[in-house]
Amino acid sequence: MSENAKISGFIGKKILRLISLLLIVSFVSFMLIQYSPIDPVRAYLGEMAVSAEHKAQLEEYWGVNTPPEEKFLNWAGNLFRGDFGVSLIYRMPVIDVIKERFTASLALMASSWLISGVLGFILGIASGMHKGTLFDRAIKTYCYILTATPTFWLALVFLMIFSVQLGWFPIGLSVPIGVTAENVTFFDRIEHLILPALTLSLLGVAQIAMFTREKLVEVMSSDYILFAKARGEKGLDLVLRHGVRNVALPAITLQFLSFSELFGGTVLVEQVFSYPGIGQATVAAGLRSDVPLLLGIVLVSAVFVFFGNLIADIIYEFIDPRIKQQEATI
């Protein structure tokens, strides 16, 4: 098979997979929301007392009495035309809410993703180089503890220690309270971003560190490493020349596959730090049964995770030469 035909087949297969994924996710999510026990009108009103006439108007506006099948077809038809609908709690187009909130979350996710990837890779390399030592056991213990640590719990601990007790960082939000948008500086945003990003990145370190360690240990026990040692190569130079090059691409691939965990962790971290991103909007839409907004966020998050997996697949299919060598030997 030619390279062009292989690329065309790969792209076609991924497009079909994305379409089927969005169809299944949208239908299942819509039905789960429809049959949830949350009453959107009651969630919207809270303890507010309103007349029966006003409540009936709200029920009509929310489409409470409309059959779920009809509501899904109406929503899917509008979505096909590029209309995500209007958020019931923000009273603005869903796509505008997602753009505003996702932009704020993107800085948080990108910074934590980079920190966790770099720190996890360095710890994995260091642990693999010193296999069986006290240093190696300490890193593994650290990773095991992080793996078992709930995201929200670590966020609360960091908030209490570094914000409440020590006062090193702001307690929450993404900008200072009482400051207009035009007066918010870049350093103000960075100051509010550091603690949420650090919390989210530390939880992502464990997986990449343990994976990198195991891969490096496997590489360092291979025949060509023994041959390199026989030629006089040793120490850090041996690891950098032969070990790092062979574990870097698999580690990067795994990092892209972690987009789903990254998005899920962002939702919890944003809630603890009151960070106005896509995570806070997701929780608000779920608790107040804002169906258009929640479904829009579900679709955007599905696409976000899909493209992370797509990049990982591209690395395996077209960038990592070892895959091509394996295919040639089959």
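Note that the coordinates shown come from a computational prediction; the quantities given were computed from them, not determined experimentally. (Residues numbered from 1 in each chain as written. Predicted model: local features only at pLDDT ≥ 70, side-chain atom pairs only at ≥ 80, totals over all residues. Heavy atoms only, no water.)

Let us look at unusual backbone geometry. One non-glycine residue, Arg-91, lies in the positive phi region at around 55°. Locating Arg-91 in the fold gives a position in the loop between α4 (68–80) and α5 (94–129). Here Arg-91 falls in the partly exposed class, since its relative accessible area comes to 48%. For Ser-274, which is not a glycine, the phi torsion comes out positive at approximately 55°. Here Ser-274 falls in the partly exposed class, since its relative accessible area comes to 31%. (Helix = DSSP H or I, 4+ residues; strand = E, 2+ residues; numbered from the N terminus. Buried < 20%, exposed > 50% of the residue type's maximum accessible area, 1.4 Å probe, protein only.)

The next thing to look at is the packing of helix α8 (residues 186–220) against helix α11 (residues 259–273). One way to put it is that α8 packs onto α11 with a least axis distance of 10 Å and a crossing angle of 145°. Considering the relative orientation of α8 and α11, their crossing is right-handed. Residues Leu-195, Pro-196, Thr-199, Leu-200 and Gln-207 of α8 pack against Glu-261, Leu-262, Gly-265, Thr-266, Val-269 and Phe-273 of α11. A breakdown of the residues in the contact of α8 with α11 according to their chemical character gives 6 nonpolar, 4 polar and 1 charged. (Axes fitted to C-alpha atoms, helices over the stretch in contact; angles between N-to-C directions. Left-handed = near helix turned anticlockwise from the far one by under 90°. Contact = heavy atoms within 4.5 Å. Nonpolar A, V, L, I, M, F, W, Y, C, P; charged D, E, K, R; others polar.)

Quick look at the UniProt feature "transmembrane region" (unreviewed entry) in the chain now. Mapped onto this structure's residue numbering, the UniProt feature "transmembrane region" (unreviewed entry) falls at residues 15–35, 106–129, 141–162, 193–212 and 293–316. Structurally, residues 141–162 is divided into 86% helix and 0% strand, and its ends, taken at the C-alpha atoms, are 24 Å apart. As a span, residues 193–212 carries 100% helix and 0% strand, and end to end its C-alpha atoms are 28 Å apart. (UniProt positions renumbered as here; feature names shortened; annotations may be inferred.)

This part covers a nonpolar patch on the surface. A surface patch of nonpolar side chains, about 1000 Å² in accessible area, is lined by Phe-152, Trp-153, Leu-156, Met-160, Ile-161, Val-164, Leu-166, Trp-168, Ile-171 and Leu-268. With 6 residues, the top contributor of residues to the nonpolar patch is helix α7 (residues 151–165). Relative to the assigned elements, Ile-161 resides in helix α7. Since its relative accessible area comes to 34%, Ile-161 is described here as partly exposed. (Patch = residues over 30% accessible without salt bridge, like charges linked within 9 Å, V, L, I, M, F, W, Y side chains within 5 Å. Areas by Shrake-Rupley, 256 points an atom, 1.4 Å probe, with all protein chains shown as cover. Salt bridge = Lys/Arg side-chain N within 4 Å of Asp/Glu carboxyl O.)

With that out of the way, let us pick up the pattern of salt bridges. One pass over the full model with this rule turns up 2 salt bridges. A salt bridge links Arg-213 to Asp-136; the nearest nitrogen and oxygen atoms lie 2.7 Å apart. Taken as a pair, Arg-213 in helix α8 and Asp-136 in helix α6 (residues 134–147) lie far apart in primary sequence, 77 residues in all. By relative accessible area, which is 6% here, Arg-213 ends up buried.

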